[in-house]
Amino acid sequence: MPVLGAFGTQLTALHHQWDPTRFIAAGAGTKASYGRWLHSQLEEPDVVVLTAEQENAIVGYAYASREGYDYMALRGPAGVIHDLFVDPERRSQGIGRMLLDAAVAELRKRGAGLVVLSTAHRNEAAQRLFATAGFRPTMVEMALDDKA
């Protein structure tokens, strides 16, 4: 969990860098909190936490869940991919695609006919990955903060 907590911290920091008014900043306790939270999810029957390993090191992870109706998202039951992260030094080796495919397969095995995910507007590399895996855009989140 410390490695996944560190990856979660990097994911948080990257999003905050892209848009600091929309995404929370990583702090001193983020690594431990993120790791603890992911660990707490392991016992949930509809949650999937997968890791990718190379040379006895964890180099990426995926966190997803099978969820019921979400009227705020106007969505019926679906698999939801929440996190997909690969160590920056290991990117462009197919690890992200492997994690994505494995997460989708596990969600399908658990009965998800529809799989959805969200990606940061500025994360063009992830958007290309998701598009090549067959995902299509369906929603655009927009934000208005007090600085506008």
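Residues numbered from 1 in each chain as written. Predicted model: local features only at pLDDT ≥ 70, side-chain atom pairs only at ≥ 80, totals over all residues. Heavy atoms only, no water.

J.: Help me understand the nonpolar core in this model?
T.: Proteins that are soluble and globular tend to have nonpolar side chains buried together. Counting 20 residues, the largest nonpolar core has I81, L84, L99, L100, L107, F130 and F135 as the members making the most contacts within it. A per-element tally of this core places helix α3 (residues 95-109) first, with six residues. The contacts of L100, once residues within four sequence positions are left out, are I81, L84, L117, L129, F130, A133 and F135. In this structure, F7, Y34, Y61 and F85 belong to the second largest nonpolar core, which totals nine residues. (Core = buried A, V, L, I, M, F, W, Y, C linked by side-chain atoms within 4.5 Å. Buried < 20%, exposed > 50% of the residue type's maximum accessible area, 1.4 Å probe, protein only. Helix = DSSP H or I, 4+ residues; strand = E, 2+ residues; numbered from the N terminus. Contact = heavy atoms within 4.5 Å.)

J.: Sorry, what's going on with the packing of aromatic side chains here?
T.: Two aromatic rings are characterised by how far apart their centres lie and by the angle between their planes. Throughout the structure, instances matching the rule amount to four aromatic pairs. Their ring planes at 40° and their centres at 5.1 Å tell us that F7 and F85 sit as a pair that is tilted. Remark: F85 occurs in strand β3 (residues 78-86) and F7 occurs in helix α1 (residues 2-18); sequence separation between them is 78 residues. Its relative accessible area of 5% is what places F7 among the buried residues. Taking the relative accessible area as the measure of exposure, F85 reaches 3% and is therefore buried. Residues F130 and F135 carry aromatic rings whose centres are separated by 6.1 Å and whose planes lie at 65° to one another, so their mutual orientation is edge-to-face. We note that F130, like F135, is buried. (Phe/Tyr/Trp six-rings, centres within 6.5 Å; stacked < 30°, edge-to-face > 60°.)

J.: How do you make sense of the sheet that holds strand β1 (residues 47-54) when you look at a structure like this?
T.: To summarise the sheet geometry, strands pair through backbone hydrogen bonds and adopt either a parallel or an antiparallel arrangement. Pairing is mixed in the open sheet, where four strands are placed in the order β1-β2-β3-β4. The sheet terminates laterally at β1 and β4 (115-117), the two strands that pair on one side only. Pairs of neighbouring strands in the sheet enclose a mean axial angle of 25°, with direction left out of account. For strand β2 (residues 57-67) and β3, the ladder comprises eight bridges, and the chain directions are antiparallel. Within the sheet, the bridge partner assigned to R66 lies in β3 and is G79. (Pairing = 2+ DSSP bridges. Axes fitted to C-alpha atoms, helices over the stretch in contact; angles between N-to-C directions.)

J.: Where do I start with the pairing of β1 in this structure?
T.: Each regular strand carries side chains that alternate between the two faces of the sheet. Here eight bridges tie β1 to β2, and the two strands are oriented antiparallel to one another. Looking at β2, one finds that V48 is bridged to A64. In this antiparallel pair of consecutive strands, β1 and β2, the connection spans two residues, and E55 shows a positive phi of 50°.

J.: Would you mind going over helix α2 (residues 30-41) with me for this structure?
T.: The end-to-end C-alpha separation of α2 is 16 Å, in line with the 16 Å expected for twelve residues at 1.5 Å each. Turning to α2, its buried residues number three or more, namely T30, Y34, G35, L38 and Q41. Projected onto a plane normal to the axis of α2, the buried residues spread over an arc of 120° and lie on a single side. Looking at the buried positions of α2, the neighbouring elements they touch are α1, β1, β2 and β3. (Expected span 1.5 Å × (residues − 1). Arc of directions from axis to C-beta.)

J.: Help me out: how do you make sense of the pattern of salt bridges in this one?
T.: Oppositely charged side chains are able to pair whenever their charged atoms sit close together. In total, this model carries seven salt bridges according to the counting rule given. When the shortest N-O distance is used, the salt bridge between E141 and R22 registers 2.8 Å. One end of the pair, E141, is in the segment after α4 (124-132); the other, R22, is in the loop between α1 and α2, with 119 residues separating them in the sequence. Its relative accessible area of 58% is what places E141 among the exposed residues. (Salt bridge = Lys/Arg side-chain N within 4 Å of Asp/Glu carboxyl O.)

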